[in-house]
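Structural overview for review
Next come the chains, spelled out residue by residue.
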Amino acid sequence: MNTVRWGIIGCGAVTEMKSGPAFSKVPGSSLVAVMRRDGAKARDYAERHGVPRWYDDAGQLIADAEVDAVYIATPPSTHRAYALQAMAAGKPVYIEKPMAMNHRECLDIVEAGRAANVPVFVAYYRRALPRFTTIAQLLRDGVIGTPRFVNVVLHHPFEAQYQDPANLPWRVRPELSGGGIFVDIGSHTLDILDFLLGPMTDVRGMARNQLGAYPAEDAVAMAFAFGNGVVGTGLWNFAADRREDRVEITGDRGRLVFATFGDGPIRVETDGKVDNLSIENPAHIQQPLIATVVGALLGRGECPSTGETAARTSWVMDQVL
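So, here's what we can say about the structure. Quantities reported herein were computed from a predicted structural model and do not represent experimental measurements. (Residues numbered from 1 in each chain as written. Predicted model: local features only at pLDDT ≥ 70, side-chain atom pairs only at ≥ 80, totals over all residues. Heavy atoms only, no water.)

Quick notes on the side chain of threonine 189
To be explicit about the condition: A run of DSSP states H or I qualifies as a helix once it reaches four residues; a run of E qualifies as a strand once it reaches two. Both are numbered from the N-terminal end. The classification of residues rests on relative accessible area computed with a 1.4 Å probe and restricted to protein chains. Under 20% of the type maximum is buried, over 50% is exposed, and intermediate values are partly exposed. Whether two residues are in contact is decided by their heavy atoms: any pair within 4.5 Å suffices.
Looking at where threonine 189 falls in the secondary structure, it is placed in helix 9 (residues 181-197). By relative accessible area, threonine 189 is classed as buried at 1%. With residues near it in sequence (within four places) discarded, threonine 189 still touches Val152, Val247, Thr260 and Phe261.

Here it is as structure tokens:
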């Protein structure tokens, strides 16, 4: 195989800019088919993005002989079923995050992939973004010495899109998402900490629904520890007075401060000095990770976000929820 031909199940908003165009821009990759349950929307997407074929049935896309690998970009409630169906057809899968509804479903996908000898990748794309690979290198170089402590804060105001109980987005409907906004975007921070510091081995926390505006949690407090001895805390609140996004890794010689979202400067504090490193994100933010997926499928490298790594993040969230 010289080119990986992709099909997308669920060509919704996330695929418009963040991921979809990257499948045609990465060398050795092409997007040949898309699927959405609303056929008119699937056709519209295909026409706007120059995709040769569209479907309104996932089974037909998976059965398409010209589709080599499948990107599953639906809500988490259908990730497991579509992944198992694709792998049963011998096709590798790239699954949106969170990987599935819970850790058990993640393990089902991982085990099915092993049994079918089909690789599983997950869209925790920050693992391949230059800003986070730079942070990883700073830690490896010992710029802040030995890491000791992590503090995470992510606060959002109560947004208008969550204020209509009759028309709630899937992200705050646990039967579709597995949780709330913490699961949807908090998972990115938890996964990048796994990437930077290794797996969490001890997780304790509590989740609360403070506003009662939707069924899912809107406030989470955590304490956690990594296998290397680093400990940390985290606070997520989605009914706060302002937006705040900060991850702080403190070592015995300095600290790193950065945001999970956006591309603001990385603050490096060492020996009484402060450096700010500015690293922009790419136009299609998933493209660097998709390049590693394609490279892995073509035998030219490895992808840092696999079913095994993503399942660990779901395990962490399960401990809290």
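The structure having been displayed, the exposition proceeds.
Here's the deal with the pattern of salt bridges
Under the convention used in this document: Between Lys or Arg on one side and Asp or Glu on the other, a salt bridge is scored when a side-chain nitrogen of the former is within 4 Å of a carboxyl oxygen of the latter.
With the rule as written, the count across this model stands at 23 salt bridges. Across the salt bridge formed by glutamate 66 and arginine 53, the nearest N and O atoms sit 3.6 Å from each other. In this pair, glutamate 66 is assigned in the loop between helix 4 (58-63) and strand 4 (69-72) and arginine 53 in strand 3 (residues 53-55), connecting sequence segments 13 residues apart. Taking the relative accessible area as the measure of exposure, glutamate 66 reaches 41% and is therefore partly exposed. Residue glutamate 269 is joined to arginine 267 by a salt bridge in which the shortest nitrogen-to-oxygen separation is 2.5 Å. Via salt bridges that share partners, Arg80, Arg104, Asp108 and Glu111 belong to a single interconnected network.

Remarks on the sheet that holds strand 2 (residues 29-35)
Rules: One requirement defines pairing of two strands: DSSP has to find at least two bridges between them. Inter-axis angles, ranging from 0 to 180 degrees, are taken between N-to-C directions of lines fitted to C-alpha atoms, where helices are fitted over the stretch in contact.
Spatially, 3-2-1-4-5-6 is the arrangement adopted by the six strands of the open sheet, whose pairing is parallel. The sheet terminates laterally at strand 3 and strand 6 (120-122), the two strands that pair on one side only. The mean angle between the axes of side-by-side strands here comes to 25°, regardless of whether they run parallel or antiparallel. As paired strands, strand 5 (residues 93-95) and strand 6 are joined by three bridges and run parallel to one another.

Quick look at the nonpolar core
For soluble globular proteins, nonpolar side chains are generally found buried alongside one another. Using the following cut-off: To form a nonpolar core, buried Ala, Val, Leu, Ile, Met, Phe, Trp, Tyr and Cys residues must be joined to one another through side-chain atoms within 4.5 Å.
Core analysis: the largest hydrophobic core is formed by 71 residues, its most contacted members being Trp6, Tyr94, Val150 and Met222. Among the elements that take part in this core, helix 9 stands out by supplying nine residues, more than any other. Residues in contact with valine 150, not counting those within four places in the same chain, are Leu193, Leu197, Phe224, Phe226, Val230, Val231, Gly232, Thr233, Val247, Glu248 and Ile249. Counting 28 residues, the second largest nonpolar core, distinct from the first, contains Leu61, Ile72, Ala86 and Val93.

A word on the packing of aromatic side chains
Note the cut-off: Two rings from Phe, Tyr or Trp (for Trp, the six-membered ring) form a pair when their centres sit within 6.5 Å of each other. Planes less than 30 degrees apart are called stacked, planes more than 60 degrees apart edge-to-face, and all others tilted.
Throughout the structure, instances matching the rule amount to nine aromatic pairs. Geometrically, the ring pair formed by phenylalanine 224 and phenylalanine 226 is edge-to-face, given 5.8 Å between the ring centres and 90° between the ring planes. Each member of the pair, phenylalanine 224 together with phenylalanine 226, is buried. Within the aromatic cluster, the residues linked to one another by ring pairs are Trp6, Phe23, Tyr71 and Tyr94.

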